[in-house]
Amino acid sequence: MSSPRSGVDVVTEALAEVHGRYGSLSDGRVADYIPQLAFADRDCFGLALMSMDGHGYRAGRCGVSFTLQSLTKPFVLALALAELGPDDVGRSVGAEPSGEAFNAISLDAVTGRPANPMINAGAIAVTALVPATSPAERFSRILECLGRFAGRTLYVDEDVYRSEVETGHRNRALAYLMRGTGVLRGDPVQAVDTYFRQCSVRATVTDLAVMGATLANGGTNPVTGERVVPEPVALQVLSVMAMCGMYDAAGSWMLHVGLPAKSGVSGGLVAVSPARFGIALHSPLLDAAGNPVRGVAALRELSERFGLHLMHNAAPGAPTVMLSTTTSSGRIALIAAQGKLDFTAAERVLFALERRRVGAPGGVVLDLERVTGMDATAKAMLERALTLLIEGGHDVTVVGDLPFRARGTWRRSTDRAQALAAAEHALTAARDPNPDPGRHAG
Ligand SMILES: NC(=O)CC[C@H](N)C(=O)O
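One numbering rule holds for all chains: residues counted from 1, following each sequence as written. The predicted origin of the model limits local features to residues at a pLDDT of at least 70 and limits the giving and counting of side-chain atom pairs to 80 or more, whereas totals for whole chains, interfaces and linings rest on all residues.

## Overview of the overall build of the protein chain
Using the following cut-off: Every helix listed is a DSSP run of H or I at least four residues long, and every strand listed is a run of E at least two residues long, numbered separately from the N terminus. Put plainly, a residue is buried at 20 or more neighbouring C-beta atoms within 10 Å of its own, exposed at 12 or fewer, and partly exposed in between, counting only other residues' C-beta atoms, which are placed from the backbone. Once C-beta atoms have been placed from the backbone, residue pairs whose C-beta atoms lie within 7 Å are recorded as contacts.
Of the regular secondary structure elements, the protein chain holds 14 helices and 14 strands. In terms of overall dimensions, the protein chain has a C-alpha envelope of 90 × 55 × 35 Å along the principal axes. Looking at the protein chain as a whole, 49% of its 442 residues qualify as buried. The long-range share in the protein chain, meaning contacts at least 24 apart out of those at least 6 apart in sequence, stands at 66%.

Below you can see the structure in the form of structure tokens.
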């Protein structure tokens, strides 16, 4: 796909630009240790981005399918984690970067566990963990799960599968070693056979972008709307990808691109910008670490251009605290906030409150009328602060209808001016013995 001639599609334009810039790189080699992979078209290059809202963008050849190979590893890990949980999975495989090639014999001297699930040894162990009553059922569960990530039914390339079976002696050796250390339960030949089938599943760049977007979106496929894995599983998988997804180039990838990612020997790569999008590409020319040369260059540029690095500070949003003052009576601290509240926004509100707070029995009016939402952390922080204020003898009013609980007696209001008037009244009443009729228990 070329850059759009009209309209405002700057995302496609950016993809097309990097596609054009790096599509002519001819360094690297097509993997041929699995003979069928040597037939890959070295000129093929496609790049697709799928946002967590399900908006898709493409450049180059994105509809051509290729075998996913190691790109299946994070998604099968997700299945095992969803079924068994991290403790059980962790008994069979570690989560440490190996700093070695994908086919390394990276087994811990004491536990016998492979270093992580993104190298072959770890992936074979994880595949064998998927609960099933037979190898056929295990593979069909894996295939079905990959399809749910992609949002469509996927198929095995039988030629590539046979090619892997014929040449995969090293993978068989890894499986036998793990059988020896006790990490792999069951038949090592069957475990590797399931793993070969899994590696031979075909998908397109577009499919792979959807698979990445599902992880970006906390485990829910943004195109089909289906929850594929629970949110904590998506987080765990992305963590492992961030540390181990790019084999022995994981460190320099994190330094220069800074996104959880996974590559495979057929030249595919998927990277995830958490809570933003999945981006995928296919280009069979691989560098020495087994990562696609054009893809690494393209993603490095896109990451810089769009500020995607995980360690990049998020752009400051609108100021959280719109108003922070003490009323003319000197008795009430008034703080008004806006936007969506997370840890940082809640901390800003509480910092302002702490600075304005008048000694008890002072009043506090917290105007959250223009707060559009809050996450669980912000809610817990504000509730705790309200409880502390009430316990400290403050007269507390919250303006707005956000769902809050706080122990003790406090007021809720829909209008800031009324809230201030009621608070002044209550503070005056507190000094004289008449009870305040406006107060209720929350
Ligand atoms: N890095 C990869 O994609 C490796 C997968 C391949 N099927 C193998 O096991 O050798």
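## Observations concerning the UniProt feature "domain: STAS" (unreviewed entry) in the protein chain
Selection rule: UniProt positions are given in the numbering used here, feature names are shortened, and annotations may be inferred rather than shown by experiment.
With numbering matched to this structure, UniProt assigns "domain: STAS" (unreviewed entry) to residues 322–400. As a span, residues 322–400 carries 38% helix and 41% strand, and end to end its C-alpha atoms are 15 Å apart.

## Describing unusual backbone geometry
Here Gln69, not a glycine, exhibits a phi torsion of approximately 50°, which is positive. Structurally, Gln69 can be placed in the loop between strand S3 (65–67) and helix H2 (73–92). A positive phi angle is found at Tyr247, which is not glycine, with a value near 55°. Summarising the element assignment, Tyr247 is placed in the loop between helix H9 (231–244) and helix H10 (250–256). Residue class for Tyr247 comes out buried when judged on the 24 C-beta atoms lying within 10 Å of it.

## Comments concerning the environment of Leu382
On the secondary structure map, Leu382 appears in helix H13 (residues 376–391). Sequence-wise, Leu382 and Ala406 are 24 residues apart; in three dimensions their C-alpha atoms are separated by 8.9 Å. When neighbours within four sequence positions are excluded, Leu382 is seen to be in contact with Ala346 and Phe404.

## As for the sheet that holds strand S8 (residues 277–282)
Within a sheet, neighbouring strands are paired by backbone hydrogen bonds and run either parallel or antiparallel to one another. Quick note on the threshold: By definition, two strands form a pair when at least two bridges between them are found by DSSP. Comment: axis = line fitted to C-alpha atoms, over the contacting stretch for helices; angle = value between 0 and 180 degrees taken between N-to-C directions.
The sheet built from five strands is open, its strands ordered S2-S1-S8-S7-S6 with antiparallel pairing. Since the sheet does not close on itself, it has two edges, and those belong to strand S2 (56–60) and strand S6 (261–263), each with one partner. Adjacent strand axes in the sheet meet at a mean angle of 10° when their direction is disregarded. Sheet topology places strand S7 (residues 268–273) next to S8; six bridges connect them, and they run antiparallel.

## Regarding the domain arrangement of the protein chain
The condition that has to hold: These domain limits were set by an automatic method or by a database of domain assignments.
Taken domain by domain, the protein chain consists of domain 1 (10–306) and domain 2 (321–441). The C-alpha-based centres of domain 1 and domain 2 are spaced at 50 Å.

## A word on the UniProt feature "binding site: substrate" (unreviewed entry) in the protein chain
Per the UniProt record, the feature "binding site: substrate" (unreviewed entry) sits at Ser70, Asn120, Glu164, Asn171, Tyr195, Tyr247 and Val265. By the secondary structure assignment, Val265 is in the loop between S6 and S7. Residue classification places Val265 among the buried residues on the basis of 24 C-beta atoms within 10 Å. In this structure, Val265 is in contact with Ala31, Leu37, Gln69, Ser70, Leu286 and Gly290, ignoring residues within four places of it in sequence.

## Here we look at the sheet that holds strand S5 (residues 201–204)
Spatially, three strands are ordered S3-S5-S4 in an open sheet, and the strand pairing comes out antiparallel. In this open sheet, the two strands that pair with only one neighbour each are S3 and strand S4 (155–156). Inspection of the sheet shows S4 paired to S5 by two bridges, in the antiparallel sense. Across the sheet, Tyr155 pairs through a bridge with Arg202, a residue of S5.

## With respect to the nonpolar core
Going by this rule: To form a nonpolar core, buried Ala, Val, Leu, Ile, Met, Phe, Trp, Tyr and Cys residues must be joined through C-beta atoms within 7 Å.
By size, the foremost hydrophobic cluster in this structure holds 104 residues, and its most contacted members are Ile124, Ala125, Ala209 and Val237. Sort the elements by how many residues they give to this core and H2 lands first, with nine residues. Formed by 31 residues, the second largest nonpolar core is a distinct cluster that contains Ala346, Val398, Leu420 and Ala422.

## Things to note about the packing of helix H5 (residues 158–167) against helix H7 (residues 188–199)
How we decide: Angles below 35 degrees are treated as roughly parallel, those above 145 as roughly antiparallel, those between 65 and 115 as roughly perpendicular, and all remaining angles as oblique. We call a crossing left-handed when the near helix sits turned anticlockwise from the far one by less than a right angle, and right-handed when that turn is clockwise. Amino acid classes used here: Ala, Val, Leu, Ile, Met, Phe, Trp, Tyr, Cys and Pro are nonpolar; Asp, Glu, Lys and Arg are charged; the rest, including Gly, are polar.
Interhelical geometry of H5 versus H7 gives an angle of 140° and a closest axis separation of 8 Å. In terms of their interaxial angle, H5 and H7 are classed as oblique. At the point where H5 passes H7, the crossing takes the right-handed sense. Of the residues in H7, those in contact with Tyr161, Glu164 and Val165 of H5 are Phe196, Arg197 and Cys199. Per-class residue counts for the contact of H5 with H7 are four nonpolar, no polar and two charged.

## Details of helix H12 (residues 343–356)
Given 3.6 residues per turn, any residue in an α-helix points the same way as the ones three and four places further on. Applicable threshold: Take the residue count of a helix, subtract one, and multiply by 1.5 Å to get its expected span. Our arc is simply the arc of the directions from the helix axis toward the C-beta atoms.
Taking 1.5 Å of rise per residue, the 14 residues of H12 would be expected to cover 20 Å, and the 20 Å separating its terminal C-alpha atoms lies within 8% of that figure. Burial in H12 covers these residues: Ala345, Ala346, Val349, Ala352 and Leu353. All buried residues of H12 fall inside an arc of 125° around its axis, so they share one side. Set apart from the buried face of H12 by more than 90 degrees, the exposed residues are Phe343, Glu354 and Arg355.

## Quick word on H2
Rules: One axis fitted to the seven residues ending at a residue, another fitted to the seven starting there: the angle between these axes is the bend at that residue.
For H2, spanning 20 residues, the distance from its first C-alpha to its last is only 15 Å, which falls clearly below the expected 28 Å at 1.5 Å a residue. Remark: the principal bend of H2, roughly 110°, maps to Gly85, with a proline, Pro86, within the next four residues. All of the buried residues in H2 are Lys73, Pro74, Phe75, Val76, Leu77, Ala78, Leu79, Ala80, Leu81, Ala82, Val89 and Ser92. Here the buried face of H2 lies against helix H3 (120–129), helix H4 (135–150), H7, helix H8 (205–216), H9 and S6.

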